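# Notes for the structure review
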2 protein chains.
Amino acid sequence: MPPERNRDRPATAPARTSEHAPGTTAGIAAIIGAGEIGAGWAARFLLAGWEVRLFDPDPEARRGVAPLLAAARRTLPMLYETALPPEGRLTFCETISAAVEDPFWIQESLPERLALKRRTLQKIQQHCRADAVLASSSAGFSPSELQGCATRPGQIIAARPCAPVYLLPLVELAATAANPPTLLQRAEETLAGIGMFPLRPGFEDTPPLGDRLARALLREAQSMREEGHASADEIDDAIRCGIGLRWVLEGLSRSCPPSGAAPGTHGRCAPERARGENRDESLVALLRALKGRDAAAGAPIRKHESRLRPAHAGARAPLITVRRIVPIDWTDYNSHMNESRYGQVFSDAADKVMALIGADAAYIARGLSYFTVDIHIRFRAETLAGQMIRVETDVLEGTGKKLRLAHRMLDDDTGALLAEAEQLLIHVSLETRRSCEPPPEIAARAAALAAPPESG
Amino acid sequence: MPPERNRDRPATAPARTSEHAPGTTAGIAAIIGAGEIGAGWAARFLLAGWEVRLFDPDPEARRGVAPLLAAARRTLPMLYETALPPEGRLTFCETISAAVEDPFWIQESLPERLALKRRTLQKIQQHCRADAVLASSSAGFSPSELQGCATRPGQIIAARPCAPVYLLPLVELAATAANPPTLLQRAEETLAGIGMFPLRPGFEDTPPLGDRLARALLREAQSMREEGHASADEIDDAIRCGIGLRWVLEGLSRSCPPSGAAPGTHGRCAPERARGENRDESLVALLRALKGRDAAAGAPIRKHESRLRPAHAGARAPLITVRRIVPIDWTDYNSHMNESRYGQVFSDAADKVMALIGADAAYIARGLSYFTVDIHIRFRAETLAGQMIRVETDVLEGTGKKLRLAHRMLDDDTGALLAEAEQLLIHVSLETRRSCEPPPEIAARAAALAAPPESG
């Protein structure tokens, strides 16, 4: 397989035509202002395949773009199960006119000073296409204020994102009666086309909803701190491990205060069963994602898990190497366990065997481990979310570098066979990433597990 | 394998001794009040292995317990990669005295009427152990108010959970100077031991932080609706797709208003790089969890994904069946891709082949599909988060019910071989869950893909 076969592909895609079918193909965007918000916009357009022309009056601004773009390149494509289109070309322009001449979308993200913004919008309108969307990231000024001195007020809207712009989907649009509906529709289609979620509240000249809600919460938190009710850390914990998990799933309109009741009332929020099930499964998925990162509400759950002793530990034959519930995020449509998760269960079973022979986390931290080089799985039956499963493992071979395991995955209640696997692991040095002999005490334990059990 | 081998295990564990080592072994808890909050507490204790004695003055209350307990049994164990201890025994008691006599922990969750709560707490204290923790779920009344008429005020604290109690970790504790510090310490250890996150703000007689923050946000949302700025749905969207994602990860103290700046200020929140990377990766994990559920901020991302055309579609040999980035939640320590995800990539590659021969989502919806019955994976090299990979697939056999595939997973940039797999799929009826012949047009396309490519 010649490793050079793709080397001649250019690092960035060639510039596209400026003909633009909103939401389906890429065009050219101009970004005016290269701070955190402007650079975030640039990343969104580039990674959606757009050509981007970037202008900032501050010559230092270019330096901040590269690290932000690197962060976006690393994380945004991870959201998708398919590759994004080839990245667009980024050009730093020396003048506003050079930046805005061709683009279909012009995004202004300069500091929040009205005179500066108005002056810049006038300059942009001297050079840009009359059919371009001219959007301002300004949260502090309304579309009316931004349109105030403009040559063509109808071209100017507010499009306010949420940082980090390259990951959070929300963009709040705001407009006035001067903006033609077709322009707003094109704006929505373009933003959806680069993977964002455009929100257009009915009221035209509205301040950003997210800002207003955040400020209300910050004010309340400030009062709580000043009154000595809670520290900033305690307020953060109350949000992250409690009500914040409801907010991010349901917003506000479906959630009561967390305790569910106010003094003097008997009624609690009536649980609606169908919605409740759906909500609970989404909460499980959220909490498992956070547990995987050891972050926010996931940290105490991970800590609790470390205290749970497996019910069937020990080195009797057959070894019980896994005993667990199938979680909701392991399943596809119809709650059937995805076939790859069978592999995960057997990988976890191998981890347990490794720990039993002394190749545990501390051992790995010292730079030695076992890697799977070959696994053969036979699927016998379907497995559902919520099913309790266990794995019984036989150590077939434990000589030298080799550790060969046979696993049987069973329904823990009925004993029904769900899958079988044979797995070959090789002892490796994590420093050289090559195979090596395990130390004698590990080799001895592996050999003992592979030996037939003594009678009696 | 005899399927009856585990049938003689009792459905619930035998009652444990009331001797209790906080946080490590299970004890006996009494739950007074079987509404949504009380039943949620019962589920928490039962699933942690505690024996639970439940009392509610309303004889109808038992009916609500079973569905809530079923929801908890389905979802709470999904949070963990290991089995929970055997579930404790649940007893419905006819009197308060029968419920509270032995328990170490007594949780009162009656309606929010002070006279009722005080009367009940007095009754409890006539019968309970002097060393029991007597905790009230009351959000509306302070510990001082609850202790007001008590025989032993020092035994009574507030422990306010967040619904659903069986999933959300937060419990806010509140106490007065009458409570001995040792009792509060035991309370914290017990709550952590059943998997919750006890928060004890410094101020003793504080109202719940979560309630106060939620009310502030609800008030602001109410004003926004009344002023015509936004509908309830728009407010929900602004939270779910924007600032709510920051709140649930970071709380408030690290997050600015979403736009990052107020009018008249130049400064934006300085991005801290190390923290930013960590935050971004956690955001990716959160957004992917939501995408998997098609919920909240995950819905627009999933919609966008459906519009992304794979870069290399088509039926040329070799088929390019996968081209994607390795996301952060597919990796273990050191950002190495977990071995089970190799299996997921090959499963996705098989989905692509199925779609190519016409066995797509619509086909599956009609009740026919292919199931993997056997996969053999050879691991050749390590794969890292952020790496672009592709899979090339050969259809080895496509006759009758059988579809046999050979996959090669490659680094998309260098062409380096990362893993190989051979996979056997069998055509099945989703109704009978048994194998069956595919219809002629599917069989013909499978056979055509398996044929050697025509020259030219």
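Note: the structure precedes this text.
What counts and what doesn't
- Residues numbered from 1 in each chain as written.
- Chains lettered and ligands numbered in written order.
- Predicted model: local features only at pLDDT ≥ 70, side-chain atom pairs only at ≥ 80, totals over all residues.
- Heavy atoms only, no water.
- Phe/Tyr/Trp six-rings, centres within 6.5 Å; stacked < 30°, edge-to-face > 60°.
- Helix = DSSP H or I, 4+ residues; strand = E, 2+ residues; numbered from the N terminus.
- Buried < 20%, exposed > 50% of the residue type's maximum accessible area, 1.4 Å probe, protein only.
- Contact = heavy atoms within 4.5 Å.
- Buried area = accessible area lost by both parts, 1.4 Å probe.
- Salt bridge = Lys/Arg side-chain N within 4 Å of Asp/Glu carboxyl O.
- Polar contact = N/O pair within 3.5 Å; in protein donor to acceptor, adjacent residues only side chain to side chain.
- Nonpolar A, V, L, I, M, F, W, Y, C, P; charged D, E, K, R; others polar.
- Pairing = 2+ DSSP bridges.
- Disulfide = S-S within 2.5 Å.
- Axes fitted to C-alpha atoms, helices over the stretch in contact; angles between N-to-C directions.

Turning our attention to the packing of aromatic side chains. Residues and elements named next belong to chain B. Overall, the coordinates contain eleven aromatic pairs over all chains when judged by the stated rule. Aromatic pair tyrosine 342 and phenylalanine 379: ring centres 5.1 Å apart, planes at 80 degrees, arrangement edge-to-face. Of this pair, tyrosine 342 sits in helix α11 (residues 339-356) while phenylalanine 379 is found in strand β10 (residues 368-379), placing the two residues 37 residues apart along the sequence. Phenylalanine 379 carries the same exposure label as tyrosine 342, and that label is buried.

Taken residue by residue, the interface counts 175 residues in chain A and 176 residues in chain B. With both chains or domains summed, chain A and chain B bury close to 15,500 Å², and 58% of this area falls on carbon and sulfur atoms. A per-residue breakdown of the area chain A buries against chain B is headed by Met78(A), Arg212(A) and Arg293(A), which together make up 5% of the total. In this structure, the connection of chain A to chain B is made through 18 salt bridges. Ionic pairing is found between Arg293(B) and Glu281(A), a salt bridge with its closest N-O pair at 3.3 Å. Seen at the junction of chain A and chain B, the total is 60 residue pairs in polar contact (both at pLDDT 80 or more). The biggest single contributor to the side of chain A that touches chain B is helix α8 (residues 232-250) of chain A, with 18 residues. Residue classes in the side of chain A that touches chain B are distributed as 89 nonpolar, 40 polar and 46 charged. Inspection of the sheet shows strand β10 (residues 368-379) of chain A paired to β10(B) by five bridges, in the antiparallel sense.

Before going further, it helps to spend a moment on the pairing of strand β6 (residues 156-161) of chain B. All names here are of chain B. Counting buried residues in β6 gives six out of six residues, a clear majority hidden from the surface. Because side chains alternate across β6, one face comprises the buried residues Ile156, Ala158 and Arg160, and the other comprises Ile157, Ala159 and Pro161, equally buried. Two elements, strand β5 (residues 133-136) and β6, share three bridges in a ladder whose sense is parallel. In the sheet register, serine 136 faces β6, and the bridge partner there is alanine 158. Pairing between β6 and strand β7 (residues 170-174): four bridges, direction antiparallel. Note that in β7 the partner of arginine 160 across the bridge is glutamate 172.

This paragraph deals with the state of the cysteines. Residues and elements named next belong to chain B. Applying the stated criterion to the full structure yields zero disulfides over all chains. For cysteine 128, which is in no disulfide, the shortest distance to another cysteine sulfur is to cysteine 93 and amounts to 14 Å. Judged by its relative accessible area of 9%, cysteine 128 falls in the buried class. Left unpaired, cysteine 149 is separated from the closest cysteine sulfur, that of cysteine 128, by 16 Å.

Here the focus is the sheet that holds strand β5 (residues 133-136) of chain A. Residues and elements named next belong to chain A. Spatially, β3-β2-β1-β4-β5-β6-β7-β8 is the arrangement adopted by the eight strands of the open sheet, whose pairing is mixed. Across the chains shown, the open sheet's two edge strands, defined by having one partner strand only, are β3 (90-92) and β8 (197-199). When strand polarity is set aside, the average angle formed by the axes of neighbouring strands in this sheet is 25 degrees. Pairing of strand β1 (residues 28-32) with strand β2 (residues 51-55), which is carried by five bridges, proceeds in the parallel orientation. Bridge pairing links alanine 30 to arginine 53 in β2. Where helix α1 (residues 36-47) meets the sheet, its contacts fall on β1, β2, β3, β4 (105-108), β6 (156-161) and β7 (170-174), and the angle it forms with β1 comes to roughly 170 degrees.

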